[in-house]
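# Fold and contact review
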Amino acid sequence: MARMCCLMVVVMMMVAMTMMNIAKSEPIAPCYFIFGDSLVDNGNNNQLQSLARANYFPYGIDFAFGPTGRFSNGKTTVDVIAELLGFDDYITPYAAARGQDILRGVNYASAAAGIREETGRQLGGRITFAGQVANHVNTVSQVVNILGDQNEASNYLSKCIYSIGLGSNDYLNNYFMPTFYSTGNQFSPESYADDLVARYTEQLRILYTNGARKFALIGVGAIGCSPNELAQNSRDGRTCDERINSANRIFNNKLISIVDAFNQNTPDAKFTYINAYGIFQDIVTNPARYGFRVTNAGCCGVGRNNGQITCLPGQAPCLNRNEYVFWDAFHPGEAANVVIGTRSFRREAASDAHPYDIQQLATL
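Throughout what follows, the structure given in this document is the object of discussion.

Thresholds, definitions, all that
- Residues numbered from 1 in each chain as written.
- Predicted model: local features only at pLDDT ≥ 70, side-chain atom pairs only at ≥ 80, totals over all residues.
- Heavy atoms only, no water.
- Disulfide = S-S within 2.5 Å.
- Helix = DSSP H or I, 4+ residues; strand = E, 2+ residues; numbered from the N terminus.
- Buried < 20%, exposed > 50% of the residue type's maximum accessible area, 1.4 Å probe, protein only.
- Pairing = 2+ DSSP bridges.
- Contact = heavy atoms within 4.5 Å.
- Axes fitted to C-alpha atoms, helices over the stretch in contact; angles between N-to-C directions.
- Polar contact = N/O pair within 3.5 Å; in protein donor to acceptor, adjacent residues only side chain to side chain.
- Core = buried A, V, L, I, M, F, W, Y, C linked by side-chain atoms within 4.5 Å.

### Comments concerning the state of the cysteines
Summed over all chains, the structure comprises 4 disulfides. With its sulfur 2.1 Å from that of its partner, C225 forms a disulfide with C240. Taking the torsion about the sulfur-sulfur bond, which here is approximately 115°, the covalent link between C225 and C240 counts as right-handed. Here C225 is found in the loop between β3 (214–218) and α8 (227–233), whereas its partner C240 is found in the loop between α8 and α9 (242–265), with 15 residues between them in sequence. Take C225: its relative accessible area is 4%, and that puts it in the buried class. The disulfide bridge from C300 ends at C311, spanning 1.9 Å between sulfur atoms.

### With respect to the sheet that holds β3
Here we have 5 strands laid out as an open sheet, ordered β1-β2-β3-β4-β9, and mixed in their pairing. Edge positions in the sheet fall to β1 (32–36) and β9 (353–354), since each of these pairs with one other strand and no more. Note: β3 against strand β4 (residues 270–274), 5 bridges, orientation parallel. Looking across to β4, one finds that I218 is bridged to I274. The sheet strands contacting α9 are β3, β4 and β9, and the helix crosses β4 at an angle near 165°.

### Focus: the side chain of H331
Take H331: it is sitting in the loop between β8 (324–326) and α11 (334–345). The exposure class assigned to H331 is buried, which follows from its relative accessible area of 6%. Of the polar contacts made by the side chain of H331, one reaches the side chain of S38; its length is 2.6 Å.

### Observations concerning the nonpolar core
By size, the foremost hydrophobic cluster in this structure holds 47 residues, and its most contacted members are F35, I164, Y171, Y200, L204 and F251. Every residue in contact with I164, bar those within four places of it in the chain, is listed here: F35, F129, Y200, L204, L207, F215, A216, L217 and I218. Counting 20 residues, the second-largest nonpolar core is a separate cluster that includes L85, A353, L361 and A362.

Now the structure itself:
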């Protein structure tokens, strides 16, 4: 009798573990497609002839797989979002995505990439927004082949999350870099944002034509508060460059207008805006609330604010990494990415997302 009871307990435990594995293997969206720049690149630039690469130590010092090409000590915001969506592994970079793996989604992001084609060219190779979308069109054809039918593929893709986070480099490595680019003289901040939004909209339409229906447009952060900008343009090393931040807000407001226009004119699709700028501002305004102590310097870098030269190969970073908002001259560390990713997925304040957070978008 005792033996029978033990056997029943073992069987029940095995059933429970099986049920847990089944639950874990079913994310709330079947796939997650990611478009962006170095904030979310997870290895696409590793094989490019580019200065914008992070596949070396100490990048990845706190990441389970070490240096992968992520511009962080650990996870990026999209890694956090993938976990919260319920994926049991991170989304594969396009450079490594093969076979059935693409059905989980693909990360197309490329460091130094912009909305404009010339953005980031001084850093070498990168995959622009248009290039990333072209890569996705190739992925869609593979999805059709795997599922065996265009209608099946369209139905499948309509349930996926598409997150797009570009624009930072169009300011950092274009508009506000007069040594290499003339756009700052050609455009006012308003007209430049209009140009970016027109190009951005064109790519969104291509994605829509190829089956995308659930879009999360990630706003540009407060670039004028990065250690690099503080090192170059701040008299006290703390006051953000309002000239840059103002231009970023103009662009973000136009992204919100895109979301509203698409939601009104494409009833079979859902668009939302993620207010990365506002979430970041809350972090630097109330750092202690999130456990941060340093908001104006990189954990790893060289020069003033650790922001004049970014993290060098083999350099020893700070030890108290979770107390720094920024990992290097430009990029938040894992601790900040966890906050931004979590609030993007499930908004904490009404202003975090408009009109849906990513969790809501996935279940619509």
